[in-house]
Amino acid sequence: MSEQPDRYELRARQLRILAGLHRKRAAELDMAAEAALATRSMRRFAELLTEAEVRQLSEHPDLAELNVQLEGFYGDGPVRPDEEST
């Protein structure tokens, strides 16, 4: 017959399982912290990219003129068929 583990072995096993769960949760929180920092970096990158595009558009008169032409042709937004004037 096999002997039952004593209460100290059982308690040690429980504590090791609990320690593993804490390591898992700590890893999840560390990953969430890195994701927050990556979000900040991506947001800053998008801001810089938008600034660069606006600057490039304003520095090139051909692009600015094309933008004005497109706005004049298409207007501020799409026109619904029931709003068109005849």
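Placed above this text is the structure.
Notes on the structure follow. Predicted model, so just to flag it, every value in this text is computed and none were measured. (Residues numbered from 1 in each chain as written. Predicted model: local features only at pLDDT ≥ 70, side-chain atom pairs only at ≥ 80, totals over all residues. Heavy atoms only, no water.)

Section: the pattern of salt bridges
Close approach of charged atoms allows side chains of opposite charge to pair. Here is the rule: Salt bridges are defined by distance alone: a side-chain nitrogen of Lys or Arg within 4 Å of a carboxyl oxygen of Asp or Glu. Where helices and strands are cited, they refer to DSSP runs of H or I of at least four residues and of E of at least two residues respectively, numbered from the N terminus. The buried label applies to any residue whose accessible area, calculated with a 1.4 Å probe on protein chains only, is under 20% of its type's maximum; exposed applies above 50%, and partly exposed to all values in between.
Under the definition given, this model contains 3 salt bridges. Between R25 and E28 there is a salt bridge, and its shortest N-O distance comes to 3.3 Å. Taken as a pair, R25 and E28 lie in helix 1 (residues 7-59) at a separation of 3 residues, close to a single helical turn. On the accessibility criterion, R25 (47% relative accessible area) is partly exposed. Exposure remark for E28: the relative accessible area of 29% places this residue in the partly exposed category. Notably, a salt bridge pairs E47 with R44, separated by 3.3 Å at the nearest N-O pair. Linking E47 with R44, this pair stays in helix 1, spanning 3 residues, or about one helical turn. We classify E47 as partly exposed; its relative accessible area is 38%. On the basis of relative accessibility, which here comes to 42%, the residue R44 falls in the partly exposed class.

Some details on a nonpolar patch on the surface
Threshold: What makes a patch is a set of residues exposed beyond 30% relative accessible area and free of salt bridges, joined within 9 Å when like-charged and within 5 Å when nonpolar (Val, Leu, Ile, Met, Phe, Trp, Tyr). Every accessible area reported is derived by Shrake-Rupley at a probe size of 1.4 Å, with residue values counting cover from the shown protein chains alone.
Together, L15, I17, L18 and L21 line one region of the surface with nonpolar side chains, adding up to about 380 Å² of accessible area. Mapped onto the elements of the fold, L21 is located in helix 1. Take L21: its relative accessible area is 51%, and that puts it in the exposed class.

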